Amino acid sequence: MLKGDHAATLGPLASALEAKGFEQLTPVQEAVLDPALDGRDLRISSQTGSGKTVAIGLALRDLVARSEAGEEDEDERQDRRAARPRVIVITPVRELARQVEEELGWLYKPVRARVVSVTGGTSYRDELRALKAQPTVVVGTPGRLRDHLDRKSIDPSQVGAVVLDEADRMLDMGFREEIEAILSSTPEGRRTHLVSATFPREVKRLADKFQSEPAMVEGTPLGSANLDIEHVIHLVQPNERLHAIVNLLLATPGAQTLVFARTRADVAEIADLLGEAGFLIGMLSGEMEQAERNRALGAFKSGRLDALVATDVAARGIDVHDVSRVIHAEPPTDPDAYTHRSGRTGRAGKKGTSSVLVRPAELGKTQRLLERARVRYRFEGVPSADDIKNARDEHLLAALTADDADDAAAPDERDLALAARLADSADPARVIARLIARTRRGGVEPREISAIEPPRPRAERPRAERTDRERPDRERPERAPRTETERTGGPGGFVPFRVSWGRAHGADARRLVAMLCRRGGIDGRAIGAIKVGPTYSLVEVSSVVAEAFERATKDVDPRDPRVMIRRYNDGPPPARADRPARPERAERTERTERPERSERPGRPPHAPVRKGDGAARPKRRPH
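I will try to describe carefully the structure that is included in this document. (Residues numbered from 1 in each chain as written. Predicted model: local features only at pLDDT ≥ 70, side-chain atom pairs only at ≥ 80, totals over all residues. Heavy atoms only, no water.)

1. Comments concerning the overall build of the chain
So, point 1. Assigned secondary structure in the chain consists of 24 helices and 18 strands.
So, point 2. Classification of the 623 residues of the chain by burial places 45% in the buried group.
So, point 3. Of the contacts made within the chain by residues no fewer than 6 positions apart, 75% connect residues no fewer than 24 positions apart.
So, point 4. When the accessible surface of the chain is summed, it comes to about 34,200 Å², and 49% of that surface belongs to carbon and sulfur atoms. (Helix = DSSP H or I, 4+ residues; strand = E, 2+ residues; numbered from the N terminus. Buried < 20%, exposed > 50% of the residue type's maximum accessible area, 1.4 Å probe, protein only. Contact = heavy atoms within 4.5 Å. Areas by Shrake-Rupley, 256 points an atom, 1.4 Å probe, with all protein chains shown as cover.)

See the structure below:
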């Protein structure tokens, strides 16, 4: 039973909440029931996972409640071709639209209000059939809703309220024009509600344009952090990011984990590498077909996956209360994105952890981002291989020595008899060790990872250890001289590689170094001389890391599918240099000389045009 006076206030909806197991409402759901808000435009702000979708439904309860008096019969409703909904809910992505449809569907079941969703990636025929059934509430993505309005399959003349769910994300995705078109097509007297975990300046400007005397509803104070989430920074080397993700997954076996990546290519790369390591991995990104997205999300919700790798936008519709950890493979670019990412865990009162993998060089930038997101964070080392192995040993020991009275795998008489025979063997310890080795065979092995000490707070550091930025009056120390290995490339010197990326494609030494370090998992100091040619480049890699570099770069990279990196065996390597230094003027002229016009390669469509890259430019005619 619902506590308090809500049963009388909510009427038939109270039975739906009780059937779902609600004993009390969350703060944001309580807030929208304030009688002073009746008939007002609302700006609803609350932490992700605090029940905002149900709060939307409660705020709209009077509009969707069906009156028996004057109700059209079913035949009259079916005869109308265009849907005439009372409420339109706009969401940024398909998954969130499905989630809102599901939540409002069970909430409004007692009042017999139909809820349907219209999104991209689905059949128009199925959507037109659903709209012809005259739903009370239509939920959809901006582009698809506008499309149905243009096609006249939705008649907005009876709309009494429009809800913008996660308005900040929709503006970030470039849907301002579609949102304004939908709002402009609805009656002037309709209510307009905005729902978001954050309210940046752009959202406020949009709200001011379409809302009239709005009321702010804060389930939690605007911008406050979710106290059910622990925010942790893990310092990792650039080439150990995957190792860190592997060890974090192994440290909490069986837990539902969501891994965030910035781009679709990053999602594909991380998912493939984790799959090769032995995990069951799903992925979610914008270019996937809806059926694929549904399968991945369904497998994640059911617990059949070790982790789901997703982009920010694609993960917006994930409403899984049991996500125990969010891993940011790279820090997001803004605090609002971090708020939405981390909000996928710590939902419905459950605890969660938001783990941010940070390169030491990006630490200051990430700390400022988390401070702007108003979260308190701590540093923690990524579990080492020994840590994970020791934890496995303790877990196995506890499982084997525990009281098996309630254990479904308790040994029977045959098992006990065989165990007694093994214990009587000449070397029982070796026999037990063999059994343990068999149980571990085939599992994912933890990775060795570098331990990086977090910086001490500035107030705790001696003045002599302050950075140059903190000591502007001091001269910066000179860079340490290159080691013998860095200068000579190791015992075997340097190994030449051919990269199918040249000046005609926009390549230069700086870009090559960045790409080679990312793809090969090496440090820039392991790269020797670089010679950038018209259509390909030659680079030297230290012999110490050459074999590992060759293995890491043998597969096609989704980010650079046209760039192939292969060991160069045709002719002498490029001229030696400690670093790709600026050549003398004569040498520069020779290296950067443009090929004859007939020999110039065509520019790939993705290549940027930049000055001096060898691309032909049209001559301007004199007037």
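2. What to know about the packing of aromatic side chains
So, point 1. Evaluation of the coordinates by the stated rule reveals two aromatic pairs.
So, point 2. Taken together, a centroid distance of 6.0 Å and an interplanar angle of 85 degrees make the contact between Y377 and F379 edge-to-face.
So, point 3. Classification of Y377 as partly exposed rests on a relative accessible area of 24%.
So, point 4. Ring centres of F497 and F549 lie 5.0 Å apart, and the angle between their planes is 80 degrees; this geometry places the pair in the edge-to-face category. In this pair, F497 sits in strand 15 (residues 494-499) while F549 sits in helix 23 (residues 546-552), placing the two residues 52 residues apart along the sequence. (Phe/Tyr/Trp six-rings, centres within 6.5 Å; stacked < 30°, edge-to-face > 60°.)

3. Regarding a positive patch on the surface
So, point 1. Together, R262, K365, R368 and R372 give the surface a local cluster of positive charge.
So, point 2. Structurally, K365 is set in helix 17 (residues 363-372).
So, point 3. Residue classification places K365 among the exposed positions, given a relative accessible area of 56%. (Patch = residues over 30% accessible without salt bridge, like charges linked within 9 Å, V, L, I, M, F, W, Y side chains within 5 Å. Salt bridge = Lys/Arg side-chain N within 4 Å of Asp/Glu carboxyl O. Lys, Arg positive; Asp, Glu negative; His and termini not counted. Charge placed at Lys NZ, Arg CZ, Asp CG, Glu CD.)

4. Observations regarding the nonpolar core
So, point 1. The biggest cluster of nonpolar side chains holds 41 residues, and the ones touching the most others in it are L17, L58, Y108 and V137.
So, point 2. For V137, the contacting residues outside a window of four places in its chain are V64, V87, V89, L104, Y108, R114, V115 and V116.
So, point 3. V116, L145, L149 and L206 belong to the second largest nonpolar core, which has 26 residues in total. (Core = buried A, V, L, I, M, F, W, Y, C linked by side-chain atoms within 4.5 Å.)

5. Observations regarding the layout of surface pockets
Empty space among the atoms becomes visible once a probe the size of a water molecule is rolled across them.
So, point 1. Taken as a whole, the largest pocket holds about 1,600 Å³ of empty space.
So, point 2. Only helix 13 (241-251), helix 14 (264-277), strand 13 (352-358), helix 22 (509-520) and helix 23 provide two or more residues apiece to the lining of the largest pocket.
So, point 3. Sort the elements by how many residues they give to the lining of the largest pocket and helix 14 lands first, with seven residues.
So, point 4. Classifying every residue of the lining of the largest pocket gives 22 nonpolar, seven polar and 17 charged. (1 Å grid on protein atoms, 1.4 Å probe; cavity = no way out; pocket = protein on both sides within 12 Å on 5 of 7 lines; lining within 4 Å. Points joined across faces, edges and corners; volume = space filled by probe spheres on them. Nonpolar A, V, L, I, M, F, W, Y, C, P; charged D, E, K, R; others polar.)

6. Examining the environment of E240
So, point 1. Along the polypeptide, E240 turns up in the loop between strand 8 (229-235) and helix 13.
So, point 2. Along the chain, E240 and G521 lie 281 residues apart, while their C-alpha atoms are 7.8 Å from each other.

7. Quick look at the side chain of T136
So, point 1. Structurally, T136 is set in the loop between helix 8 (124-132) and strand 4 (137-140).
So, point 2. Look at T136 and you get buried, because its relative accessible area is 12%.
So, point 3. Setting aside chain neighbours within four positions, we find T136 in contact with V64, P85, R86, V87, A113 and R114.

8. Focus: the pairing of strand 2 (residues 87-90)
So, point 1. Of the two faces of strand 2, the one carrying V87 and V89 and the one carrying I88 and I90 are both buried.
So, point 2. Relative to strand 4, strand 2 runs parallel, the two being bridged by four bridges. Residue pairing for strand 4: V89 is matched across the bridge by V139.
So, point 3. Examined bridge by bridge, strand 2 and strand 5 (residues 161-165) share four bridges and lie parallel to one another. By the bridge assignment for strand 5, V87 is matched with A161. (Pairing = 2+ DSSP bridges.)

9. Here we look at the packing of helix 7 (residues 94-107) against helix 15 (residues 290-301)
So, point 1. It is the contact of helix 7 with helix 15, at a shortest axis distance of 11 Å, that shows an interaxial angle of 65 degrees. Handedness of the helix 7/helix 15 crossing: right-handed. Residues R94, E95 and R98 of helix 7 form the contact with helix 15, whose participating residues are Q290, R293 and L297.
So, point 2. Taken together, the residues that form the contact of helix 7 with helix 15 break down as one nonpolar, one polar and four charged. (Axes fitted to C-alpha atoms, helices over the stretch in contact; angles between N-to-C directions. Left-handed = near helix turned anticlockwise from the far one by under 90°.)

10. Describing the sheet that holds strand 1 (residues 42-45)
So, point 1. Spatially, seven strands are ordered 3-4-2-5-6-1-7 in an open sheet, and the strand pairing comes out parallel. For this open sheet the edge positions go to strand 3 (115-118) and strand 7 (215-218), each flanked by a neighbour on one side alone. Averaged over all adjacent pairs, the angle separating strand axes in this sheet is 15 degrees, with direction ignored.

11. Some points on the sheet that holds strand 11 (residues 307-310)
So, point 1. If you trace the seven strands from one edge of the open sheet to the other, you get 10-11-9-12-13-8-14, paired in parallel fashion. This sheet does not close on itself; its edge strands, each paired only once, are strand 10 (281-284) and strand 14 (377-379). Recorded for the sheet is a direction-independent mean angle of 25 degrees between the axes of neighbouring strands.
So, point 2. Two strands pair when backbone bridges link them, and strand 9 (residues 256-260) and strand 12 (residues 323-328) are joined in this way by five bridges, in the parallel orientation. Residue pairing for strand 12: Q256 is matched across the bridge by V323.
So, point 3. Seen against the sheet, helix 13 touches strand 8, strand 9, strand 11, strand 12 and strand 13 and runs at an angle of roughly 160 degrees to strand 13.

12. Describing unusual backbone geometry
So, point 1. If you check the backbone angles, R112 has positive phi at about 60 degrees while not being a glycine.
So, point 2. Relative to the helices and strands, R112 is located in the loop between helix 7 and strand 3.
So, point 3. Taking the relative accessible area as the measure of exposure, R112 reaches 49% and is therefore partly exposed.
So, point 4. With a phi close to 60 degrees, E166 is a non-glycine residue in the positive phi region.

Everything listed here is a matter of coordinates, which is why it stays silent on function.
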